[in-house]
Amino acid sequence: MDADLQSIAAARRCADNAFAAYQQFLNTDPAKVDAIVDAMARAIEPEARALGELAVEETGYGNAPDKRVKNLFNALSVADYLRDIKTLGMLWSDDATKVAAFGEPMGVVAALIPVTNPTSTIIFKVLSAVKAGNAIVCAPHPRGVKCGVETIRIMAHAAEQLGAPAGLIQCLDQVTIQGTDALMRHRRTSVVMATGGPAMVKAAYSSGKPTLAVGAGNVPCYVHSSMASELAEVAEQIVTSKSFDYGTACVSEQAVIVNRDIARELRHELKLHGAYFCTTAESDRLAKVIFKGKQQMNPEHVGQSPHRLASLADFSIPPSTRILVSEESEIGWQRPLSAEKLNPVLAFYEARDTEHGVALSNDIAKFEGWGHSAVLHSKDPKVVADFSRIPTGRVLVNTPAILGGMGYSTDLEPSFMLGTGTWSGSITSDNVTALHLINIKRVAYECRPWRDIYEEYGDNA
């Protein structure tokens with residue numbers, strides 16, 4: 001049997017088994033569901049480092065220490081958030097309106113997992129799906145099967161130890177595009193959660209199933225003149241966020257836009273914090289390393305260290321370099337580094353004034369990243385208000401993009417799936433959580449005499 005047929009058969013088997021487990025799991029007491037979620041999170045915590053190392057070893061993307069942090073964020077912060085929300089049973093009731101809402105599971109979740117975050121995304125999606133009373137089948141990227149299967153093994157074992165039915169939590173161990181497509185389209189699949197590149201997201205929305213999918217992010221980061229006295233802190237935030245896991249998160253900063261009157265000092269601070277500013281020739285060679293062509297990132301060079309990227313582009317950088325910076329003046333595919341880069345590489349623009357800075361930020365977001373996130377460093381409330389008109393699902397103020405966007409340094413919902421809204425073809429602009437994986441049933445009593453409609457809207461009214 002060829003690989004496609006094996007993957008299709010595995011997808012069908014997993015979907016059928018997941019549905020059977022889901023039927024057994026239905027009507028489980030919410031307190032027991034919470035205990036199962038907690039047990040899975042606790043089981044991941046001591047394995048976070050090993051799973052991070054396995055992910056880097058298998059995919060070649062990112063670095064193990066930061067992947068450990070991503071794993072722990074989901075096992076701790078996401079789990080803490082889930083502990084405090086209600087997803088099943090009565091969610092709320094209103095005696096005045098005589099309406100009550102009840103949460104019910106959706107069924108079987110088909111979860112597509114990106115190669116850039118192959119373990120942390122599984123942790124997030126499994127905890128969220130089970131908290132909502134669902135079964136889940138994960139379809140990892142072919143380069144992330146081994147670490148995906150191991151993550152699921154740990155979580156499923158912990159869940160089953162507390163009485164969850166076998167098959168509630170699964171991972172495809174034979175993955176092809178055709179197999180993943182079969183999983184999404186399977187009659188037992190209720191909803192698709194898709195995180196990945198544009199082609200995968202398009203396939204998910206074409207599956208015929210209700211779909212939560214997220215688009216690309218080309219995140220602008222505007223530094224306003226009001227931050228002149230705090231540029232060291234701003235630079236540290238930017239460099240830390242963009243270098244995190246070698247830039248594999250789509251919510252990290254992609255372009256810095258700075259007012260001209262503070263640009264020189266920001267450059268200086270960025271350099272002090274580990275930024276290397278490329279020459280024009282170096283930037284051109286770097287673009288050819290990162291991109292194979294228009295809208296085509298080279299998958300072999302995603303999530304690489306700045307030193308490896310510089311080596312591939314044939315230039316030398318200091319040992320302390322954490323990110324590479326390309327000074328730009330244009331936006332578009334004629335300057336590829338103005339697009340999203342899943343690497344520790346930033347574009348850098350000077351703005352004449354506030355109006356120009358907001359306009360440049362808007363154009364960056366619109367180019368290959370409409371709807372995702374935008375970052376602003378400013379003390380001026382009017383600038384915050386003007387900047388917030390940029391059509392993105394998140395506007396993050398005075399915080400690192402990755403930590404703010406995923407809900408660690410802000411009070412957004414902790415999530416590893418950030419909706420991009422209809423601006424980029426997504427059904428939601430929210431930080432996706434377990435609350436997106438339930439059906440909400442409303443029980444409504446009569447609150448006004450039904451016959452009154454004829455008096456109010458009848459011919460003699």
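Residues numbered from 1 in each chain as written. Predicted model: local features only at pLDDT ≥ 70, side-chain atom pairs only at ≥ 80, totals over all residues. Heavy atoms only, no water.

## Describing the packing of helix 9 (residues 231-243) against helix 10 (residues 260-272)
Part 1: In contact at an axis separation of 9 Å, helix 9 and helix 10 are set at 55 degrees when each is read in the N-to-C sense. Taken together, the axes of helix 9 and helix 10 are oblique relative to one another. Relative to helix 10, the crossing made by helix 9 is right-handed. Taking contact as the criterion, the partners of Leu 231, Ala 232, Val 234, Ala 235, Ile 238 and Val 239 in helix 9 are, on helix 10, Ile 262, Glu 265, Leu 266, Glu 269 and Leu 270.
Part 2: In the contact of helix 9 with helix 10, the residues fall into 9 nonpolar, no polar and 2 charged. (Axes fitted to C-alpha atoms, helices over the stretch in contact; angles between N-to-C directions. Helix = DSSP H or I, 4+ residues; strand = E, 2+ residues; numbered from the N terminus. Parallel < 35°, antiparallel > 145°, perpendicular 65-115°, else oblique. Left-handed = near helix turned anticlockwise from the far one by under 90°. Contact = heavy atoms within 4.5 Å. Nonpolar A, V, L, I, M, F, W, Y, C, P; charged D, E, K, R; others polar.)

## Comments concerning a nonpolar patch on the surface
Part 1: Residues Trp 450, Ile 453, Tyr 454 and Tyr 457 make up a contiguous nonpolar surface patch of roughly 540 Å² in combined accessible area.
Part 2: Along the chain, Tyr 454 turns up in helix 16 (residues 452-457). (Patch = residues over 30% accessible without salt bridge, like charges linked within 9 Å, V, L, I, M, F, W, Y side chains within 5 Å. Areas by Shrake-Rupley, 256 points an atom, 1.4 Å probe, with all protein chains shown as cover. Salt bridge = Lys/Arg side-chain N within 4 Å of Asp/Glu carboxyl O.)

## Some points on the pattern of salt bridges
Part 1: Across all of its chains, the model carries 17 salt bridges by this definition.
Part 2: Across the pair Arg 83 and Asp 38 runs a salt bridge whose closest N-O atoms are separated by 3.0 Å. You can see Arg 83 sitting in helix 4 (residues 64-83) and its partner Asp 38 sitting in helix 2 (residues 30-44), a full 45 residues away along the chain.
Part 3: Since its relative accessible area comes to 16%, Asp 38 is described here as buried.
Part 4: In this structure, the salt-bridge partner of Arg 335 is Glu 328, at a minimum N-O distance of 2.8 Å. In this structure, Arg 335 and Glu 328 share a single accessibility class: buried.
Part 5: A cluster of three or more residues bridged by salt bridges with shared partners is formed by Arg 260, Arg 267, Glu 327 and Glu 350. (Buried < 20%, exposed > 50% of the residue type's maximum accessible area, 1.4 Å probe, protein only.)

## Let's talk about the environment of Tyr 222
Part 1: Locating Tyr 222 in the fold gives a position in strand 8 (residues 219-223).
Part 2: Residue class for Tyr 222 comes out buried when judged on its relative accessible area of 0%.
Part 3: Residues Tyr 222 and Val 130, 92 residues apart in the sequence, show an inter-C-alpha distance of 39 Å.
Part 4: Apart from residues lying up to four places away in sequence, Tyr 222 is in contact with Ile 257, Asn 259, Asp 353, Thr 354, Gly 357, Val 358, Ser 361, Val 375, Leu 376, His 377, Val 383 and Phe 387.

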